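Next come the chains, spelled out residue by residue.
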Amino acid sequence: MYARRRRNYFLMMGGCVALFVSAWTLVRLWSMPVAVGMCVVAMVIPPIAAMIANRRGPEDRWWDDPSGDPKSDAWWDELDGKKHH
């Protein structure tokens, strides 16, 4: 799961760099507004890539991990009904 998220992140960021570089090396010679538009699209990609890379799937059980504070963990276990007295 982690490898797929990391691969998607790097693909999106590679596309961002490719858009930015091609906009100012090739496309600006043809049309400046298109080059600026490509940069605007490239500007939106990094936050989306970060959200996709940090998204957790349904099989990621991060909420069940202990926090490290025994008192807090005991309280949450009792609240969730995990401890049977």
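Presented here is a report on the structure given in the accompanying data block. Given the structure is predicted, the values throughout are model-derived calculations rather than measurements.

Here we come to the packing of aromatic side chains. What the rule picks out here adds up to 1 aromatic pair. Ring centres 5.5 Å apart and planes at 70° place the aromatic pair Tyr-9 and Phe-10 in the edge-to-face group.

Glancing now at helix α1 (residues 2–30). Over its 29 residues, α1 runs 40 Å from end to end, which matches the ideal 42 Å to within 8%, given 1.5 Å per residue. Of all bends in α1, the biggest is about 50°, found at Ala-23. Within α1, the full set of buried residues consists of Arg-5, Cys-16, Ala-23 and Val-27. On its buried face, α1 is in contact with α2 (32–54).

Looking now at the nonpolar core. Core analysis: the largest hydrophobic core is formed by 5 residues, namely Ala-23, Val-27, Ala-35, Met-38 and Cys-39. Going through the elements one at a time, α1 and α2 are the ones with two or more residues in this core. It is α2 that contributes the most residues to this core, 3 residues altogether. In this structure, Ala-35 is in contact with Ala-23, Trp-24, Val-27 and Arg-28, ignoring residues within four places of it in sequence.

So, how was this worked out
Per chain, the residues get numbers from 1 upward, laid out in the order the sequence is written. pLDDT decides what is reported in this predicted model: residues at 70 or higher carry local features, side-chain atom pairs at 80 or more are listed and counted, and totals for whole chains, interfaces and linings draw on all residues regardless. In computing side-chain values, all of the structure's heavy atoms are included and hydrogens and water are not. Two aromatic rings, drawn from Phe, Tyr or Trp (for Trp, its six-membered ring), form a pair once their centres lie within 6.5 Å of each other, and the interplanar angle then sorts them: stacked below 30 degrees, edge-to-face above 60, tilted otherwise. By definition, any uninterrupted DSSP run of H or I lasting at least four residues is a helix, any uninterrupted run of E lasting at least two residues is a strand, and each is numbered from the N terminus. By this rule the span expected of a helix is its residue count minus one, scaled by 1.5 Å. Two axes define the bend at a residue: one fitted to the seven residues ending there, one fitted to the seven starting there, and the bend is the angle between them. Note on exposure labels: buried denotes an accessible area under 20% of the residue type's maximum, exposed denotes more than 50%, and partly exposed covers the range between, all computed with a 1.4 Å probe on protein chains only. By definition, residues are in contact when any of their heavy atoms lie within 4.5 Å. In this text, buried Ala, Val, Leu, Ile, Met, Phe, Trp, Tyr and Cys residues form a nonpolar core when linked through side-chain atoms within 4.5 Å.

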